[in-house]
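Each chain, written out:
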Amino acid sequence: MKRLIEKALLDWKNSANRKPLVLYGARQVGKTHSVMEFGATHYASFAYFYFDNNPELHELFESGIRSIPSLMTKLEAYSNQTIVPGITLILFDEVQTCGAALNSLKLFQEAAPEYHIIAVGSLLGVAINRQGFAFPVGKVDELHMFPLTFEEFLIEFSPKLIPLIKNAFINNEPLSSAFHNQALELFLQYLVIGGMPEVIMEYIKTGNYTVVKAKQLSICNNYISDMSKYTDTKTQAVRNEAVYNTLPAQLAKENKKFQYAKIKSGARATEYELSLNWLEKAAIIIKCNKINEGKEPLANYEDFLSFKVYMSDVGLYCGKSNNSHLSVLGRTMGDTAKGALTENYVAQQLHANGINSYYWESNNQAELDFVIQIENRVIPIEVKSWEAVRSQSLEVFRKKYNITTAIRVSAKNFGFERGLKSVPLYAVWCIGSEEL
């Protein structure tokens, strides 16, 4: 399965200032597989070290590292292979379970930068925040990996559409009806399947949406298991799970602002803010904070007390919400459920593009789904789950902040009129390009 992160990995390999690389991402987004594919393609050899439940490997690092040559001698003996600088790609997998191994990257960067090392961990963000866990700040390069975007989904199912969509996005020219309708049908499939590699493979093998949902729920349960394994107290683990399980109900409301009372009666922020932080560090959720003003820089106007929470993968959200694939594919869902699913999808695509997204409201009279900043431009985005295109809130925002260019995401074709760029639902992954 081709992943676009390969280009970033190749840029890292060829960089003159290359440091050991730390690759973040939620469990089962394909980090290890992508690095192994990259190693097989771009290196003559590959050395793999798996740290989870591996006390023998932990001992090699925790017993103390006298020098890089002595450590490499041990690693070569352990792996029964020769490790050649620049020729062999070294992968430290599930490195969050061994702080000494992660911290050794500092020594590699300082004393032996010729070695090519990638450290991968499903819960690195969580582990780094735990007490006593050392991280080689400034001594590593960092990358984030996400579930497959819709562009990557198209690579798998209909790659011919990608250049057509890109060109239409740049030039604001409608696709032909045939291609437009085909892309919309694939978009609906993506809402159901999502971007988790194992889920997509299940669909490719079976074509069975019941099997797809079972795999999605299995991944969700694995996330819950991690909450017990990687939290310091049972109370915290229970709270993490409670927040996670309330996400479908949070987005099913007309007002999608996160409400602690949805967790349990009388719940307060002081009890559950650590859980939200844990879920965000584990890359399981995406937080979207409110802004009080639509001016750049948007970060100056963040309201950290008001926010929405989306799941990191729309397919997992679809499965966890128990949405029927028949309703999604047949477009018979209720407006609120359909809107929540579509919003989660847009949040996921923006997040994967490295865009910080916010939302805006004005005295409960107008609300914009997303507001983003690209360079010095503030760009409001209104999301419609299909073809309804009333844009009252969008126009209120544009007038208030003198916005020249806005985006409306809907099932309508590409177009541009009076500063309003029409972006079809299947083309959200294009947002963030220079051509916007």
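Please read these numbers as outputs of a predicted model, since none were measured by experiment. (Residues numbered from 1 in each chain as written. Predicted model: local features only at pLDDT ≥ 70, side-chain atom pairs only at ≥ 80, totals over all residues. Heavy atoms only, no water.)

A.B. asks: For the sheet that holds strand E12 (residues 415–417), give the residues involved together with the corresponding values.
C.D. replies: Pairing in this open sheet of eight strands is mixed, and the strands run E7-E6-E8-E9-E10-E11-E13-E12 from one edge to the other. Every interior strand has two partners, whereas the edge strands, strand E7 (302–311) and E12, have only one. Neighbour to neighbour, the strand axes of the sheet diverge by 30° on average, direction disregarded. Across seven bridges, strand E6 (residues 285–291) lies against E7 in antiparallel orientation. In the sheet register, Asn289 faces E7, and the bridge partner there is Phe307. (Pairing = 2+ DSSP bridges. Helix = DSSP H or I, 4+ residues; strand = E, 2+ residues; numbered from the N terminus. Axes fitted to C-alpha atoms, helices over the stretch in contact; angles between N-to-C directions.)

A.B. asks: How would you summarise the sheet that holds strand E4 (residues 116–120) if you had to cite specific residues and measurements?
C.D. replies: In spatial order, the strands read E2-E3-E4-E1-E5; together these five strands make up an open sheet with parallel pairing. Looking at strand neighbours, the two that pair on one side only are strand E2 (45–50) and strand E5 (141–144), the edges of this open sheet. Pairs of neighbouring strands in the sheet enclose a mean axial angle of 20°, with direction left out of account. Examined bridge by bridge, strand E1 (residues 21–24) and E4 share three bridges and lie parallel to one another. In the sheet register, Leu21 faces E4, and the bridge partner there is Ile118. Here helix H2 (residues 31–42) sits on the sheet and contacts E1, E2, strand E3 (88–93) and E4; the angle it forms with E3, its principal contact strand, is near 170°. (Contact = heavy atoms within 4.5 Å.)

A.B. asks: Requested: an account of H2, with residues and values cited.
C.D. replies: The terminal C-alpha atoms of H2, which comprises 12 residues, lie 16 Å apart, in line with the 16 Å expected from a rise of 1.5 Å per residue. Taken together, the buried residues of H2 touch helix H1 (5–14), E1, E2, E3 and E4. (Expected span 1.5 Å × (residues − 1).)

A.B. asks: So, the nonpolar core: which residues are in play, and what are the values?
C.D. replies: Across soluble globular proteins, nonpolar side chains have a tendency to be buried as a group. One finds Ile118, Phe150, Ile165, Tyr244 and Tyr426 to be the most contacted residues of the largest nonpolar core, which totals 102 residues. Top contributing element to this core by residue count: helix H9 (residues 177–193), with nine residues. When near neighbours in sequence (up to four residues on either side) are disregarded, Tyr426 contacts Phe150, Ile165, Leu175, His180, Ala183, Leu184, Phe187, Tyr345, Asn413 and Phe414. Core analysis: the next-biggest nonpolar cluster, separate from the first, contains 28 residues, Phe51, Ile68, Ala119 and Phe135 among them. (Core = buried A, V, L, I, M, F, W, Y, C linked by side-chain atoms within 4.5 Å. Buried < 20%, exposed > 50% of the residue type's maximum accessible area, 1.4 Å probe, protein only.)

A.B. asks: Describe the packing of H9 against helix H11 (residues 209–229), listing the residues and the values that go with them.
C.D. replies: Between H9 and H11, whose axes approach to 10 Å, the crossing angle comes to 45°. When the axes of H9 and H11 are compared, the pair comes out oblique. For the pair H9 and H11, contact is made by Gln189, Val192 and Ile193 and by Tyr209, Val212 and Gln216, respectively. For the contact of H9 with H11, the residue count by class is four nonpolar, two polar and no charged. (Parallel < 35°, antiparallel > 145°, perpendicular 65-115°, else oblique. Nonpolar A, V, L, I, M, F, W, Y, C, P; charged D, E, K, R; others polar.)

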